[in-house]
Amino acid sequence: MKITANNPNRKSWLDVEKDSDFPIQNIPFGVFLTKDDITTIGTRIGNYAIDLAALQQLGYFEGIPLTYDIFMQDSLNDFIADGRTTWRLVRNRIADIFDKENSKLKKNKAEREVVIFNIDDIEMLLPVVIGDYTDFYSSKDHATNVGTMFRDPENALLPNWVHIPVGYHGRSSSIVVSGTKIRRPVGQTMPQGATQPVFGPCKLLDFEVEMGFITTDANKLGKAVPIEEARNHIFGMVLLNDWSARDIQKWEYVPLGPFLAKNFASTISAWIVTLDALEPFKVAGPEQDPQPLPYLQDFGLTSYDIVIQTSIKPKKEDETIISNTNFKNLYWSISQQLAHQTVNGCNVRSGDLYGSGTISGKEKTSYGSMLELTWKGTEPIKMSDGSERKFIHDGDTVIMRGYCKNEQVRIGFGECIGKVKKARKLDAE
Ligand code: MN
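Just so it is clear, the structure is predicted and the values come from calculations on it, not from any experiment. (Residues numbered from 1 in each chain as written. Predicted model: local features only at pLDDT ≥ 70, side-chain atom pairs only at ≥ 80, totals over all residues. Heavy atoms only, no water.)

Kindly report on the overall build of the protein chain, identifying the contributing residues and their values.
If you tally the helices and strands in the protein chain, you get nine helices and 26 strands. Oriented by its inertia axes, the alpha-carbon framework of the protein chain measures out at about 70 × 55 × 45 Å. The proportion of buried residues among the 429 residues of the protein chain is 55%. The contacts in the protein chain between residues at least 6 apart in sequence include a share of 72% that link residues at least 24 apart. In the structure as shown, the protein chain presents an accessible area of about 19400 Å², 50% of it carried by carbon and sulfur atoms. Within the protein chain, one finds 49 positive and 55 negative side-chain charges whose respective centroids are separated by 3 Å. (Helix = DSSP H or I, 4+ residues; strand = E, 2+ residues; numbered from the N terminus. Buried < 20%, exposed > 50% of the residue type's maximum accessible area, 1.4 Å probe, protein only. Contact = heavy atoms within 4.5 Å. Areas by Shrake-Rupley, 256 points an atom, 1.4 Å probe, with all protein chains shown as cover. Lys, Arg positive; Asp, Glu negative; His and termini not counted. Charge placed at Lys NZ, Arg CZ, Asp CG, Glu CD.)

Printed below as a string of structure tokens:
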């Protein structure tokens, strides 16, 4: 089926600013709360949130096989489970409803009032109930930087890294939507030179610049998802800040890997941008040498050209951009990640989230974590207010933004924001 929603010549009768992340060609999906306290599934064009449940009740989705309450829900899981044909039909229809050439809704004030909201008048919620969360480690530059800092510069990449999309199954309960405040974690650390661990607030709080993809029900338990089918089961992508407590991580991670250093919070952007919308921005991934095993061989345009910019905004000060990276820097593709995760029959469900791992590029300015940007805190970053950062301070807001752009269209993800609050009081307990 043709993705007519992607037509770059299409214009909307809704106002869209020139550099908006949300032109009519984007049509992402999210969940929001209206001023009247109604939770609904919606999309966004320019600075307008559009209530899809209201559109359906008014008959605008006639002819598309949808259950009557598919958009009257507090998560996208059921809609995502309907599969790619339905996502395409709905996106194409939304594009038609808001196309400049179609005045049906435009000229009906009463209908417009129940369908269209100003973005400032609604509150974005977590778009999916996330059953499972996997975090990969798919940036070669990131894995090399970390291996160089913590192990051996001569053998920075472990031998398995070029053969397996390395990852771990994380927790999903503390994945929060952009805008949710993040409490500085507490935990055990082993200070340099000490013989006994201490307990207290994390001193080396970090972010990880990642992107995540969200799946539909892809396979039954025991069946694999073949790599050439993997993309059919991926609904879309979000920005992901995988907050990390480096001092806690260093002490706890041997031998089983990340635990409390990672489980206090991860932040995702609120609008899921569909793989269909990203189709015009497909690019070749990096050359893979050695060639992966057959079940991991992925051909053609396997990656996406997505610019990702990260800044820190200190309390009451302007933000400073500290990292510019790109999704196309990732060594392992999303198809390879999903094929690998399912090759032994692990079942994937609607709403599951897969993190890319920290996305670092070759340049120092393209590193995706404070750990790398300040090289373990040895090279602090200067902020525009004159202060320095080795890691994240209380009161700092970390802001990630991402977008794709060609000569005709810009498709963006909006923002992925988290402000850090001070650690909870320990002596009060
Ligand atoms: Mn991570």
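There's more to say after this.
Got a sec to walk through the pairing of strand E2 (residues 39-45)? Specific residues and values, please.
In terms of burial, E2 is largely enclosed, as six of its seven residues are buried. With four bridges joining them, strand E1 (residues 30-33) and E2 adopt antiparallel strand pairing. The residue of E2 that forms the bridge with Phe-32 is Thr-40. The antiparallel hairpin formed by E1 and E2 contains five residues in its connecting segment, where Asp-37 sits at a positive phi of about 65°. If you look at the hairpin formed by E2 and strand E3 (residues 48-51), you'll find two residues sitting between the two strands, and Gly-46 has a positive phi there, around 55°. (Pairing = 2+ DSSP bridges.)

Explain empty space enclosed by the protein residue by residue, including any values.
Taken as a whole and judged by the stated rule, the model has one cavity of 30 Å³ or more. Space inside the largest cavity adds up to approximately 50 Å³. Among the residues forming the lining of the largest cavity, the class breakdown is six nonpolar, four polar and no charged. (1 Å grid on protein atoms, 1.4 Å probe; cavity = no way out; pocket = protein on both sides within 12 Å on 5 of 7 lines; lining within 4 Å. Points joined across faces, edges and corners; volume = space filled by probe spheres on them. Nonpolar A, V, L, I, M, F, W, Y, C, P; charged D, E, K, R; others polar.)

Could you give an account of the coordination of the manganese ion, naming the residues involved and the relevant values?
The manganese ion binds to the protein through Asp-135 (OD), Glu-208 (OE), Glu-210 (OE) and Asp-242 (OD), with metal-donor distances spanning 2.1 to 2.2 Å. Mapping the donors of the manganese ion onto the primary sequence yields the spacing D-x72-E-x1-E-x31-D. Of this pair, Asp-135 sits in strand E6 (residues 133-136) while Asp-242 is found in the loop between strand E14 (234-241) and strand E15 (244-245), placing the two residues 107 residues apart along the sequence. On the basis of relative accessibility, which here comes to 4%, the residue Asp-135 falls in the buried class. According to the relative accessible area criterion, Asp-242 is buried, its value standing at 0%. (Donors = N, O, S within 2.8 Å, 3.2 Å for Na, K, Ca; no water.)

How would you summarise the layout of surface pockets if you had to cite specific residues and measurements?
The space that makes up the largest pocket amounts to roughly 830 Å³. In terms of lining, the largest pocket is formed by 29 residues, of which the most central are Tyr-137, Val-146, Gln-249, Tyr-253 and Pro-258. At the level of secondary structure, the elements contributing two or more residues to the lining of the largest pocket comprise E6, helix H5 (140-150), strand E7 (167-170) and helix H6 (246-252). For the lining of the largest pocket, the leading source of residues is H5, giving four residues. Its residues placed into classes, the lining of the largest pocket shows 15 nonpolar, seven polar and seven charged.

A description of the side chain of Ser-266 should follow, citing residues and the corresponding values.
Relative to the elements of secondary structure, Ser-266 occurs in strand E16 (residues 266-268). The class for Ser-266 is buried, based on a relative accessible area of 0%. Within the local environment of Ser-266, its side chain forms a polar contact with the side chain of Arg-171, the two groups lying 2.8 Å apart. Setting aside residues up to four positions removed in sequence, Ser-266 forms contacts with Tyr-133, Arg-171, Ser-174, Ile-175, Val-176, Leu-240, Asn-241, Asp-242 and Trp-243. (Polar contact = N/O pair within 3.5 Å; in protein donor to acceptor, adjacent residues only side chain to side chain.)

So, the environment of Trp-13: which residues are in play, and what are the values?
With respect to the secondary-structure elements, Trp-13 resides in the segment before E1. Put simply, Trp-13 and Glu-101 are 88 residues apart on the chain and 8.1 Å apart in space, counted from C-alpha to C-alpha. Within the structure, Trp-13 has its side chain in polar contact with the backbone oxygen of Ile-97 (distance 3.1 Å).

Can you break down the sheet that holds strand E5 (residues 123-125) residue by residue, with the values?
Taken together, five strands build an open sheet; the order of strands is E4-E3-E2-E1-E5 and the sheet is antiparallel. Edge positions in the open sheet fall to strand E4 (116-118) and E5, since each of these has one partner strand only. Pairwise comparison of adjacent strand axes, ignoring direction, gives a mean angle of 45° for this sheet. In this structure, E3 lies alongside E4, joined through three bridges in antiparallel fashion. (Axes fitted to C-alpha atoms, helices over the stretch in contact; angles between N-to-C directions.)

If you had to explain the side chain of Thr-310 to someone new, which residues and values would you point to?
Mapped onto the secondary structure, Thr-310 falls in strand E20 (residues 307-313). When near neighbours in sequence (up to four residues on either side) are disregarded, Thr-310 contacts Phe-207, Val-209, Thr-320, Ile-321, Ile-322, Ser-323, Val-398, Ile-399 and Met-400.

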